[in-house]
Amino acid sequence: MFADRLCSLSDEDLIQQYYHTRNRQAFREIFRRYKEPLFRYCAQMDLARCNLLMENFWLSLLSEPPLLERQQLKNWLYIRVNRLLKSGCTEVVGETDPQQDPLQNAFEQSDMLKALQQLPCRQRNIFLLYNQCGLSLATVADIERISLAECRQELADGGKSLEFNLHGSARKPWVSSVTLAKQAAAAEALAKEQEQEQTQTVKPRFTWGLRWAEKSLKPSSSETSKPSVEIAQA
């Protein structure tokens, strides 16, 4: 009954209960919920250190749980793991294990994982946190300490690079030289035909308006032959 009740609690309620009571069952429930997604994220960011890093991370959380204040536990966990990844080996006790055969084989056999590894570190981190881990773009921008607009652009660039790494550039259909020559001749004939149609349909410019204006402004022959009233009176 008690385990069932823990399963119904939110992440924040679980960590709060563990903080105040050190109830190991509450910690186990948190570990059950996040052990796999956190490990996948860590492995795709740093395959060589992921086992040891995650081991130290969970031991640290077990001994020093956070007291969250209006913060989601999910965000806190990924922020903490991201900080460990970026800090190098300073917060990881022990030596890295060079034997990563199962994980290495999984990476080598997956085109998606290999394509992700080719992305720059920041783009890979943004892509994973947003698409795989389910963090909001604003939270990802805060983690990377960049603006929201820059984070959105990095996400778009990472998606395009990932698509290129997976499928390469878009392939154009193969066309023989004979077909290309026919297409060029047809295009040239169409251009000439359109040019002839334009020359035939071009209408002359109407100048009747100008001629009417000139005639209306010029005095008539009868008006020019007769002297004006002022001249007659003079």
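Criteria and cut-off values
Residues numbered from 1 in each chain as written. Predicted model: local features only at pLDDT ≥ 70, side-chain atom pairs only at ≥ 80, totals over all residues. Heavy atoms only, no water. Axes fitted to C-alpha atoms, helices over the stretch in contact; angles between N-to-C directions. Helix = DSSP H or I, 4+ residues; strand = E, 2+ residues; numbered from the N terminus. Parallel < 35°, antiparallel > 145°, perpendicular 65-115°, else oblique. Contact = heavy atoms within 4.5 Å. Nonpolar A, V, L, I, M, F, W, Y, C, P; charged D, E, K, R; others polar. Left-handed = near helix turned anticlockwise from the far one by under 90°. pLDDT = per-residue confidence, 0-100. Salt bridge = Lys/Arg side-chain N within 4 Å of Asp/Glu carboxyl O. Buried < 20%, exposed > 50% of the residue type's maximum accessible area, 1.4 Å probe, protein only. Phe/Tyr/Trp six-rings, centres within 6.5 Å; stacked < 30°, edge-to-face > 60°.

### Remarks on the packing of helix α9 (residues 137-144) against helix α10 (residues 148-167)
- Contact pair α9 / α10: the axes reach a minimum separation of 9 Å and the direction vectors enclose 100°. Here α9 lies roughly perpendicular to α10, going by the angle between them. Between α9 and α10, the contacting residues are L137, A138, V140 and A141 on the first element and L148, C151, R152 and L155 on the second.
- Among the residues making up the contact of α9 with α10, the classes are represented as seven nonpolar, no polar and one charged.

### Focus on the packing of helix α3 (residues 24-45) against helix α5 (residues 73-86)
- Running from N to C, α3 and α5 point in directions that differ by 35°, and their axes come no closer than 11 Å. Classified by chirality, the crossing of α5 by α3 is right-handed. Facing I30, Y34, P37, L38, Y41, C42 and M45 of α3, the residues of α5 in contact are L73, K74, L77, Y78, V81, N82 and L85.
- Residues of the contact of α3 with α5, tallied by class, amount to 12 nonpolar, one polar and one charged.

### Considerations on the confidence of the model for the chain
- In this model, the chain carries an average pLDDT of 80, and 74% of its residues clear a pLDDT of 70 or more.
- Of the regions scoring below 50 in pLDDT, residues 89-94 engages in 11 contacts with residues more than four places distant in sequence or in other chains.
- Segment residues 227-234: pLDDT under 50, and zero contacts once partners within four positions in sequence are set aside and those in other chains are kept.

### Quick word on the pattern of salt bridges
- A full pass over the atoms with the stated rule returns 10 salt bridges.
- Its salt-bridge partner being D11, residue R33 comes within 2.5 Å of it at the nearest N-O pair. A residue pair is termed long-range when its members are at least 10 positions apart, and R33 in helix α3 and D11 in helix α2 (residues 11-21) qualify at 22 residues.
- Classification of D11 as buried rests on a relative accessible area of 16%.
- In this structure, the salt-bridge partner of E150 is R122, at a minimum N-O distance of 3.2 Å. Taken together, the residues span a long stretch of sequence, with E150 in helix α10 and R122 in helix α8 (residues 121-132) at a distance of 28 residues.
- Overall, the relative accessible area of 31% leaves R122 in the partly exposed class.
- Beyond isolated ion pairs, a larger network of salt bridges with shared partners links K86, R122, E144, E150 and E154.

### Here we look at the packing of aromatic side chains
- Summed over the entire model, instances satisfying the criterion amount to five aromatic pairs.
- Ring plane angle 40° and centroid distance 5.5 Å describe the contact between Y18 and F27, whose orientation is recorded as tilted. Side by side, Y18 and F27 carry an identical accessibility label, which is buried.
- Relative to W58, the ring of F31 has its centre 4.9 Å away and its plane inclined at 80°; by these criteria the two rings are edge-to-face. A residue pair is termed long-range when its members are at least 10 positions apart, and F31 in helix α3 and W58 in helix α4 (residues 50-63) qualify at 27 residues.
- A residue is classified by how much of its surface remains accessible, and F31, at 31% relative accessible area, is partly exposed.
- Among the aromatic side chains, those forming a connected cluster through ring pairs are Y18, F27, F31, F57 and W58.

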